[in-house]
Amino acid sequence: MRLLLVVALLGAVFAEDEWKAVNVDRTIDATSQIVKISTLYSFENIGAGPQSKVSIALTKEEVAGLSHITAAIDGTKGKLKVAEKPVDRDLGVYEVDLRTPIAKGAKVTLRVNLRLTQVLEPLPAKIAQSENQFVVLHTSAYVPSRYETVTQKTTIRTTQGGKLLSATTVSPSKQETERVSYGPYANIPAFESKPIKVHYENNSPFVVATIVERYIEVSHWGNIAVEEYVELVHKGAELDGPFSRIDYQMDRRGRRQPAFQQFTTVLPAQAKDIYYRDEIGNISTSAVRIRADSVDVEIRPRFPLFGGWKTSYIIGYNLPSEEYLYTKGNQYALKTKLFDHIFSDIVVEKLRTKVLLPEHVKRVKVVTPYVVDRRPDELKPTYLDTTGRLVVVLEKNNVVSDHSQFFTVTYEFNHMDMLREPLLAAAFFFSLFFVMIVYSRFDFTISSDPAKEAEERSQLSLEKLSKSVDSKQAAYEALIDAAQHYKSTKDEAELQEAKKTFNETRNQENSNLTDKISALKTDVGIAAAEKAAELLKYDKAVCDSVENYIKAVEKSTTKTAGPEEQQFVNKVKDARIRADNVLASI
């Protein structure tokens, strides 16, 4: 009983994959370094019941060079899910999910597109500068299949205007201009193969990007910075012999030479601040063309790339974040491309895309349109960072232009963290200026500086002398004010009291000046003391005329100052000027 159940289950499993290929039409485009295969399958369900999955077979050469595969029901836009399965009799197997089960006896038509890289073999492997490049394509005249095929045919397109040296003959086959046709073949059994070789001229430059490192730096202040580092190698027929710049410029083939002369990189329409440089510096042989839906950068390397030659460069630009960064509360989503359209028919051996997110992001998720390898996240410290920014690292090998699709990075970010960096900058500059102020105001030296101490003592002595001079000047001004007040009140006692106060103050300040001049002689020197001694004499003429000034005030019958009074006031001012000159000379 158990044996019967196992047999029934196995029969059900195999019954799920019972199809017949009614018609297969395959076109192989081998005009560039990428072999593009488009196959139209017409399958009929010959199983016991409805089926929703069908298998597509590839030769071992196709599996080795497979970069991209898509499948769709012919006439529709949606793509079907394709999953790789274990190898079956040296054939690679990919299972296509049809979504809707196909009834028994019904038919379905599928369009399967393949992109194969580095499957064309340059022959000869080395050529002179003036020679053309020839390559060999290895494939099968029969379309590989796990099912019996009723009828099929294959068309191989070669380079326009190029020579066809040889092609394996499998009757019926036909060699035409720019193409080789095989078939139609009828009733081909499953897993049947017929190897063929096509040797033809192909001057397309086989330039491969051995590595493309893309950096996407996200800023919540309105900008997304993008930079790509690209290493290019020409993996076509190697240049045999020396290179002649004159022969290169005079070559009538022009752009049909097997050399990589220039290319156009397509950037987003919002790209700005574009730069293009290499390890030497900026490369001026480039131009930017603004299109309606893109920005084209026409790049011409410093030298043409022949077989075996290589170069590297960096291209970068800025994008407005409102076009690619979406937000809802603390949730953010970045939607951009894994890499840009570097040039037509590009082959990238290793693509590494790094997304630098703001500091302190959480719950990071990545959604890609195809399978990529997510490497361990990194931390990159930048300016004003404390722990460093989170870097999401994505890698994929054997990439073509079809992989230039959008992917999404979602994460959480607290809005308050945007204020952290401005506050850190403000705190830094405040601390810096505070330290400078403290340093300039205080003396932190351990050992004494005799010259500095002498300068400080001299400055202190001058300040003391200046205070005594100010006190004497204030005494003169108080006497003048009292005299003016006397004219209004005629109070003789008040005037005499003011005169007495003036004499006492002047004598006291002269005594103080004498003491300070003596101290100055000790602290600074004899020369400075001799100059300061003049401060005892600068107002002697003014003091001698005080009595005459008082008498003139007492005799005055007007409130305005008379000639003698004005003369006394002028003497007081002149004396002050002489005192300031003496202090300045010290």
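Please read these numbers as outputs of a predicted model, since none were measured by experiment.

### Looking at the side chain of E213
Move 1: Here E213 is to be found in strand β16 (residues 207–219).
Move 2: On the accessibility criterion, E213 (17% relative accessible area) is buried.
Move 3: Only 2.5 Å separates the side chain of E213 from the side chain of R352, close enough to count as a polar contact.
Move 4: Apart from the residues within four sequence positions on either side, E213 is in contact with E227, E228, Y229 and R352.

### Quick word on the pattern of salt bridges
Move 1: Within this structure, the stated rule accounts for 24 salt bridges.
Move 2: The salt bridge partner of R375 is D373, with a shortest N-O separation of 3.2 Å.
Move 3: Look at R375 and you get partly exposed, because its relative accessible area is 38%.
Move 4: The network of salt bridges with common partners includes E213, K350, R352 and E395.

### Considerations on the UniProt feature "transmembrane region" (unreviewed entry) in the protein
Move 1: Residues given the UniProt feature "transmembrane region" (unreviewed entry) here are residues 423–442.
Move 2: Regarding residues 423–442, the helix share stands at 95% and the strand share at 0%, and the terminal C-alpha atoms are separated by 28 Å.

### Topic: unusual backbone geometry
Move 1: Across the junction of S171 and P172, the peptide omega takes the value -5°, indicating a cis bond.
Move 2: When you line up the elements, P172 lands in the loop between β12 (164–167) and β13 (173–176).
Move 3: The omega torsion of the bond from G183 to P184 falls at 10°, within 30 degrees of zero and hence cis.
Move 4: By the element assignment, P184 lies in strand β14 (residues 179–188).
Move 5: In the Ramachandran plot, D90 falls in the positive-phi region, its phi being about 65° despite a non-glycine side chain.
Move 6: With respect to the secondary-structure elements, D90 resides in the loop between β5 (81–88) and β6 (91–102).
Move 7: Although it is not a glycine, F191 sits at a positive phi angle of roughly 65°.

### A look at the pairing of strand β30 (residues 406–412)
Move 1: Both strand β25 (residues 331–337) and β30 contribute to a ladder of 7 bridges, which runs antiparallel. Pairing of Q331 across the sheet is with E412, part of β30.
Move 2: Pairing between strand β27 (residues 362–367) and β30: 4 bridges, direction antiparallel. Following the sheet pairing, K365 is matched in β30 by T410.

Reading the values: rules and limits
- Residues numbered from 1 in each chain as written.
- Predicted model: local features only at pLDDT ≥ 70, side-chain atom pairs only at ≥ 80, totals over all residues.
- Heavy atoms only, no water.
- Helix = DSSP H or I, 4+ residues; strand = E, 2+ residues; numbered from the N terminus.
- Buried < 20%, exposed > 50% of the residue type's maximum accessible area, 1.4 Å probe, protein only.
- Polar contact = N/O pair within 3.5 Å; in protein donor to acceptor, adjacent residues only side chain to side chain.
- Contact = heavy atoms within 4.5 Å.
- Salt bridge = Lys/Arg side-chain N within 4 Å of Asp/Glu carboxyl O.
- UniProt positions renumbered as here; feature names shortened; annotations may be inferred.
- Pairing = 2+ DSSP bridges.

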